[in-house]
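# Structure assessment
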Amino acid sequence: MLSDLVSNSPFLGEVMSGNIPADPAIIARVYRSLRLIRRTEEEIARIYPSDKIKSPVHLSIGQEAVAVGVCDVLGDDDVMSATYRGHAAYLAKGGDLRQMMAELFGKAGGGAKGKAGSMHLVDMKANVLGMSAVVGTTIPIAAGYAFALGREGQGETERRITACFFGDGATEEGVFSETLNFAALHKLPVLFVCENNGFAIHSPLSNRWATEALCERVATYGIPTHSLDRDDVFTIRETAQKAADEIRHGGGPQFIECKTYRWREHVGPGEDYDDSYRNRADLEPWQARDQIKLTGDMLDAGERQAIDDEIETAIADAIQFAEDSPWPDPEELFNHVFAD
Ligand SMILES: Cc1ncc(C[n+]2csc(CCOP(=O)(O)OP(=O)(O)O)c2C)c(N)n1
């Protein structure tokens, strides 16, 4: 039993303190989502040197728990907005894996027909808004989308939530502050989620912020905040669940800041612990709490193996789909663009 496992294991009890759901189906679902993202990105890193992937990739390996913990409490009708480091949020929200892989390969079967690549994933069937390479820009778009849903009279009593993911660097953009004010004023149903991995490319917070009290700054807009100092997936999930319930019933926006850690280089498939801005020792405590290992260890071995096998099949299928998908027709270049 899970409860025996936790009480008999001081290690597990310490690292995933207190918020583990009683329902084993939730644990299996969360593990599946975490593992799907990790394995998909590991495969992307493996394929990348072959040059089959036609866009830069910003991997979320190590940061998966934030997207999974939040997206697990969203419904299909809820909306999600993320950044160029968006593979995790895209998959956690139920974005189509085949279309994602084809998009990375620059093929016509991609969600943006191969024109956008990894940094601009979109899947409106799963209510995944288009992502962007321009830091901070998806924050006002998320709020605007939530505002538009309200104007259309959708969800007068139970609102559709928009979860908006962004990095710590994005909070330095003017649109971040402008959006917080607008969202608070109009009580927009937005859950803002800052994935604070401590770096903007190679620049640490200590070079960029006079104080690390991000939640205090956000609270001055009249927005309830939640500061999580590490990325335990079930703590994130429980925090998101409470926030989402209040937002859904008209309480206005809320803000989660979750500390996390990017295990790979800023952009690309490799590691960068020799680049002088950080050390491998910084990674070790995060790897020791690897949420995929910890949630996987909570499952029965047979169930875990079945999930792992299903994921491998799905990823292999998506890669094959991308390989088989045709190149976009040259005419496609002129579709879905603003300029003539
Ligand atoms: C408006 C803008 N300024 C600068 C850049 C260059 N740039 C690309 S990623 C990045 C770092 C952003 O860091 P953060 O928001 O913390 O996200 P992370 O990459 O850590 O996920 C910067 C400055 C950009 N793409 N857009």
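In this text, all values refer to a predicted model and were calculated from it rather than measured experimentally.

Another aspect to go through is the site of the ligand. Near the ligand there are 15 residues, and of these Tyr 84, Arg 85, Ala 133, Gly 169 and Asn 197 occur at the shortest range. With respect to the ligand, the side chain of Tyr 84 contributes an N or O atom lying 2.8 Å from an oxygen atom. Here an oxygen atom of the ligand and a backbone polar atom of Ala 170 are 3.1 Å apart. A total of 590 Å² of accessible area belongs to the ligand in isolation, and the protein chains cover 71% of it.

Once that is clear, we can look at the state of the cysteines. In total, this model carries zero disulfides according to the counting rule given. With no disulfide of its own, Cys 164 lies closest to Cys 194 among cysteine sulfurs, the gap being 10 Å. Residue class for Cys 164 comes out buried when judged on its relative accessible area of 0%. Free cysteine: Cys 194, not disulfide-bonded; nearest cysteine sulfur from Cys 215 at 8.4 Å.

The next thing to look at is the confidence of the model for the protein chain. For any part of a model where pLDDT is low, the fine detail of the predicted coordinates should not be relied upon. Of all residues in the protein chain, 93% have pLDDT values of 70 or greater, and the mean over the chain is 93. A low-confidence stretch, residues 1–13 stays under pLDDT 50, and its non-local contacts, those more than four residues away or across chains, total 13 contacts.

What follows covers the pattern of salt bridges. Using the criterion set out here, one finds 23 salt bridges in the structure. Note that Glu 172 is salt-bridged to Arg 208, the shortest N-O span being 2.7 Å. A residue pair is termed long-range when its members are at least 10 positions apart, and Glu 172 in the loop between strand 2 (162–167) and helix 8 (174–185) and Arg 208 in the loop between strand 5 (203–204) and helix 9 (214–219) qualify at 36 residues. Judged by relative accessible area, Glu 172 falls into the partly exposed class, the value being 40%.

Let us now look at the packing of helix 3 (residues 24–47) against helix 4 (residues 64–71). Remark: helix 3 packs on helix 4, axes separated minimally by 10 Å, with the N-to-C direction vectors making an angle of 140°. Considering the angle they form, helix 3 stands oblique to helix 4. For the pair helix 3 and helix 4, the sense of crossing is right-handed. Along the contact surface, helix 3 presents Val 30, Ser 33, Leu 34, Ile 37 and Arg 38, while helix 4 presents Glu 64, Ala 65 and Val 68. In terms of residue class, the contact of helix 3 with helix 4 is made up of five nonpolar, one polar and two charged.

Secondary-structure assignment places Asn 19 in the loop between helix 2 (10–15) and helix 3. Reaching out from Asn 19, the side chain makes a polar contact with the side chain of Thr 235 at a distance of 3.0 Å. When sequence neighbours within four positions are dropped, the list of residues in contact with Asn 19 reads Phe 234, Thr 235 and Glu 238.

Here the focus is the sheet that holds strand 6 (residues 225–228). One open sheet accounts for five strands, arranged 1-2-3-7-6; its pairing is parallel. A single partner strand is all that each edge strand has here, and the edge strands are strand 1 (79–81) and strand 6. Neighbouring strand axes in the sheet, compared pairwise and without regard to direction, differ in orientation by 15° on average. Here strand 3 (residues 190–196) runs beside strand 7 (residues 254–259); their pairing, made up of six bridges, is parallel. Bridge pairing links Phe 192 to Phe 255 in strand 7.

Another point: the pairing of strand 6. Consecutive side chains along a regular strand alternate between the two faces of the sheet. In the sheet, strand 6 pairs with strand 7 via four bridges, with the strands oriented parallel. If you follow Thr 225 over to strand 7, its bridge partner there is Phe 255. Read from strand 6 through helix 10 (residues 233–251) to strand 7, the crossover connection turns out right-handed.

Let us look at helix 10. Within helix 10 the residues assigned to the buried category are Val 233, Phe 234, Thr 235, Ile 236, Arg 237, Thr 239, Ala 240, Ala 243, Ala 244, Ile 247 and Arg 248. Of the surrounding secondary structure, the elements contacted by the buried residues of helix 10 are helix 3, helix 4, strand 3, strand 6, strand 7 and helix 12 (291–297). Two residues or fewer after helix 10 comes Gly 252, characterised by a positive phi angle close to 85°.

Attention now goes to unusual backbone geometry. Phi at Asp 51 is positive, roughly 70°, even though this residue is not glycine. Structurally, the position occupied by Asp 51 is in the loop between helix 3 and helix 4. Of note in this structure, Ile 201 is not a glycine but carries a positive phi near 55°. Note on placement: Ile 201 falls in the loop between strand 4 (199–200) and strand 5. A residue is classified by how much of its surface remains accessible, and Ile 201, at 46% relative accessible area, is partly exposed.

Before going further, it helps to spend a moment on the packing of aromatic side chains. Taken as a whole and assessed by the stated rule, the structure comprises six aromatic pairs. On the numbers, 6.3 Å between centres and 40° between planes, the contact of Phe 166 with Phe 255 is tilted. Placement of the pair is Phe 166 in strand 2 and Phe 255 in strand 7, with a sequence separation of 89 residues. With centroids separated by 5.0 Å and ring planes inclined at 90°, the aromatic side chains of Phe 199 and Tyr 277 adopt a geometry described as edge-to-face.

Calculation notes
Per chain, residue numbering runs from 1 following the sequence as it is written. Only residues with pLDDT of at least 70 are given local features in this predicted model, and only at 80 or more are side-chain atom pairs given and counted; all residues enter the totals for whole chains, interfaces and linings. Hydrogens and waters are ignored; side-chain quantities use all the structure's heavy atoms. To be near a molecule or strand, a residue needs just one of its heavy atoms within 4 Å of it. Under this definition, polar contacts are N or O atom pairs within 3.5 Å; protein pairs additionally need one hydrogen-donor-capable and one acceptor-capable atom, and for neighbouring residues in sequence, both atoms have to be side-chain atoms. All accessibility values rest on the Shrake-Rupley procedure with a 1.4 Å probe; residue burial counts only the protein chains present in the view. For the purposes of this analysis, a disulfide is any pair of cysteine sulfur atoms at a distance within 2.5 Å. Categorising residues by exposure relies on relative accessible area from a 1.4 Å probe, with only protein chains included: less than 20% of the type maximum marks a residue as buried, more than 50% marks it as exposed, and the intermediate range marks it as partly exposed. Within a predicted model, pLDDT stands for the predictor's per-residue confidence, ranging from 0 to 100. Any pair of residues with heavy atoms lying within 4.5 Å of one another is described as a contacting pair. We define a salt bridge as a side-chain nitrogen of Lys or Arg found within 4 Å of a carboxyl oxygen belonging to Asp or Glu. A helix here means a DSSP run of H or I that spans at least four residues, while a strand means a run of E at least two residues long, and both kinds are numbered starting from the N terminus. Note on geometry: axes are C-alpha line fits, over the in-contact stretch for helices, and angles between N-to-C directions span 0 to 180 degrees. Under this scheme an angle from 65 to 115 degrees is roughly perpendicular, one under 35 degrees roughly parallel, and one over 145 degrees roughly antiparallel; angles in between are oblique. Crossings are assigned a handedness: left-handed for a near helix turned anticlockwise from the far helix by less than a right angle, right-handed for a clockwise turn. Side-chain classes follow a simple rule in which Ala, Val, Leu, Ile, Met, Phe, Trp, Tyr, Cys and Pro form the nonpolar group, Asp, Glu, Lys and Arg form the charged group, and the remainder, Gly included, forms the polar group. Each pair of strands is called paired provided DSSP finds at least two bridges between the two strands. Here is how to tell: hold the view so the strands point away, follow the path from the first strand over the helix to the second, and if it runs clockwise the crossover is right-handed. Note on ring pairs: Phe, Tyr and Trp rings are taken, using the six-membered ring of Trp, and paired if centres are within 6.5 Å. Classes follow the plane angle, with under 30 degrees stacked, over 60 edge-to-face and the rest tilted.

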